[in-house]
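Summary of structural features
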Amino acid sequence: MYNDINIEEQIAAIDLASHEPADEHSRELYYIGKLRALIREKSAEIGRALTACTVTFGCQMNARDSEKLAGILARSGFVLTDSENADFVIFNTCTVRDNADQRTFGHLGRISHLKKKNPLMKVAVCGCMMQEPGNVEKIKKSYPFVDLIFGTHNIFRFAQYLYEIYDTDKTVTQIWQKTDQIVETLPIERKYPYKSGINIMFGCDKFCSYCIVPYVRGRERSRDPKEILREAENLARDGVTEIMLLGQNVNSYGKGLDNPCTFAQLLEEVCRIEGIHRVRFMTPHPTDLSYDVIEVIRDNPKVARHVHLPLQSGSDRILKRMNRHYTKEQFIELARRIREEIPDVSITTDIIVGFPGETAEDVAETLDVIERVGFDNAYTFIYSPRRGTPAAAMKDQIPAEEVKVNFDKVLSAVQRNAAMRAGALTGRIMEGLVEEVNERKEGYVTCRLSNNMVVHIPGDASMIGSYKPILLEQCRGFYFFGRIADTDSAADPQ
Ligand code: SAH
Ligand code: SF4
Ligand code: F3S
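1. Brief notes about unusual backbone geometry
Here the residue pair methionine 282 and threonine 283 is connected by a cis peptide bond, since its omega of -5° sits within 30 degrees of zero. Checked against the element boundaries, threonine 283 lands in the loop between strand 11 (278-282) and helix 10 (291-299). In this structure, phenylalanine 207 is a non-glycine residue whose phi angle is positive, near 50°. Its identity is not glycine, yet asparagine 452 carries a phi of approximately 80°, on the positive side. Looking at where asparagine 452 falls in the secondary structure, it is placed in the loop between strand 16 (444-449) and strand 17 (454-458).

Here you go:
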């Protein structure tokens, strides 16, 4: 765990009887120390340990944030559990589409019953949804049992808020409008021992007209490359072999740094770290994906053969209204270049169907890009109006029935192309990282290839975290069944 090596010593060195320290890092450790005493007392009272559960919605950045929440909970004396029937439950929310909001409300509705049965239980809600004042009001009104609410900008204050709700038994609501602080050194409880995300930047300045992220995550801020490399080195030392560099628009990494550093340079530096075997990144924006990034991927076998390149729409007219800053042909040219330079690369994408004013012709343009690029996979989303975004105010919103027809067309084109691309790999031997035991098929484990494709092979838990040469035997649409290749046949390094 990052920086955890001496975190106990750091906590022990803090005088808990004194005032809170001024710097954020020590301040949070101070509250972890104080909270521990409270939690120990409560556990003694009830004769068992207090349990805590983190529930995460949304993107990889939220998943990484939840590892920080879990780290603080574990260090404060809670026993972590996957069950929402716990003494402390925290929902780390997403608000990118309405169905994300609805999922959180659904969970809150169900948890109210559990809370009635367990009077000790405390519930917290944090994350992107909380940066929308309407959502905070709704929670206070409809789910008054929630004990703690905070947003994206002050997540590093979690230990303090947790201490306050346990110390006073009162509710705490703390939403900040922004922050200039980057606090990434607190304890972290990783979900996987062998792979980890690393935040390289926060926020987004792109303001795509449909998107809420810039409003809830704030302005773009890059982390110091030295800090990122130190975190990656620590992770490698702790057994992590795969790293994913995270940001909403990773190619604009480096703007505003004291010592200029581009994303391409950072990627190259991370590849130099001993013990790191694979490096992924999420998400590039098609406008800023510079040729030097493509070259770094091409020349560094450690960089995964996978580029997630969100298209959103294939229609120039819609792209303009989306504020995406590229045309259909520019996107196709970029994808062509990526495929030309990086053999075996997979290109995946995000597509929105039903953006205001989208016509049958616009959808035909999107279908044309799908056919011409031949995406290896795609997430297709139905447009969801987000309050306060320019697209939500556009007059020509499309009725749901109409969107459904177009959505099905796009989805089937995506699935057909993905199956074709995957099918072409049948019989190849590729290196896979064994990630987890397959819950659905006994005696099987699930591996991920460098191109992000999933393969199920016979195996057991002892293989988790290892890289194996895998023979891709049966294609099932966008994933494979396979087996470990005979030892004398060499795997493609990718
Ligand atoms: N920063 C990333 C993606 C962030 S959100 C990028 O630009 O690619 C992930 C995906 O959600 C987006 O790519 C988009 O396809 C989808 N999305 C964002 N806002 C949406 C909305 N209002 N309705 C439907 N889909 C949306
Ligand atoms: Fe949203 Fe666009 Fe930023 Fe992605 S680049 S997070 S879609 S505003
Ligand atoms: Fe959702 Fe926030 Fe990520 S809105 S997609 S969790 S940045």
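2. Side note on the sheet that holds strand 15 (residues 429-437)
What the five strands build is a closed barrel, ordered 15-16-17-19-18; its pairing is mixed. Going across the sheet, the axis of each strand differs from the next one's by a mean of 50°, ignoring polarity. Alignment of strand 18 (residues 467-476) against strand 19 (residues 479-484), held across six bridges, turns out to be antiparallel. Bridge pairing in strand 19 places arginine 476 opposite tyrosine 479.

3. What to know about the packing of helix 12 (residues 328-341) against helix 13 (residues 360-374)
For the pair helix 12 and helix 13, the least separation of the axes is 10 Å and the interaxial angle reads 15°. Judged by the inter-axis angle, helix 12 sits roughly parallel to helix 13. Helix 12 and helix 13 meet at a crossing whose hand is right-handed. Contact residues: helix 12 offers Lys328, Glu329, Phe331, Ile332, Ala335 and Arg339, while helix 13 offers Glu365, Asp368, Val369, Arg372, Val373 and Gly374. Per-class residue counts for the contact of helix 12 with helix 13 are five nonpolar, one polar and six charged.

4. Let's talk about the pairing of strand 7 (residues 195-199)
Counting buried residues in strand 7 gives five out of five residues, a clear majority hidden from the surface. Taking every second residue as pointing to the same face, both faces of strand 7 are buried, with Lys195, Gly197 and Asn199 on one and Ser196 and Ile198 on the other. Judged from the five bridges that link them, strand 7 and strand 10 (residues 242-246) form a sheet pairing that is parallel. Each residue of the ladder has a partner; that of lysine 195, found in strand 10, is glutamate 242.

5. Notes on the site of ligand 1
Taken together, 15 residues form the shell around ligand 1, and within it Gln248, Pro310, Gln312, Asp350 and Ser384 come nearest. At 2.7 Å, a backbone N or O of glutamine 248 approaches a nitrogen atom of ligand 1. If ligand 1 stood free it would expose 540 Å²; the protein chains cover 90% of that surface. Contributing elements (two or more residues each) for the shell around ligand 1: strand 13 (346-353) and strand 14 (377-382). Looking at the shell around ligand 1, its residues break down into seven nonpolar, four polar and four charged.

Quick notes on the rules
- Residues numbered from 1 in each chain as written.
- Chains lettered and ligands numbered in written order.
- Predicted model: local features only at pLDDT ≥ 70, side-chain atom pairs only at ≥ 80, totals over all residues.
- Heavy atoms only, no water.
- Helix = DSSP H or I, 4+ residues; strand = E, 2+ residues; numbered from the N terminus.
- Pairing = 2+ DSSP bridges.
- Axes fitted to C-alpha atoms, helices over the stretch in contact; angles between N-to-C directions.
- Parallel < 35°, antiparallel > 145°, perpendicular 65-115°, else oblique.
- Left-handed = near helix turned anticlockwise from the far one by under 90°.
- Contact = heavy atoms within 4.5 Å.
- Nonpolar A, V, L, I, M, F, W, Y, C, P; charged D, E, K, R; others polar.
- Buried < 20%, exposed > 50% of the residue type's maximum accessible area, 1.4 Å probe, protein only.
- Near = heavy atom within 4 Å.
- Polar contact = N/O pair within 3.5 Å; in protein donor to acceptor, adjacent residues only side chain to side chain.
- Areas by Shrake-Rupley, 256 points an atom, 1.4 Å probe, with all protein chains shown as cover.

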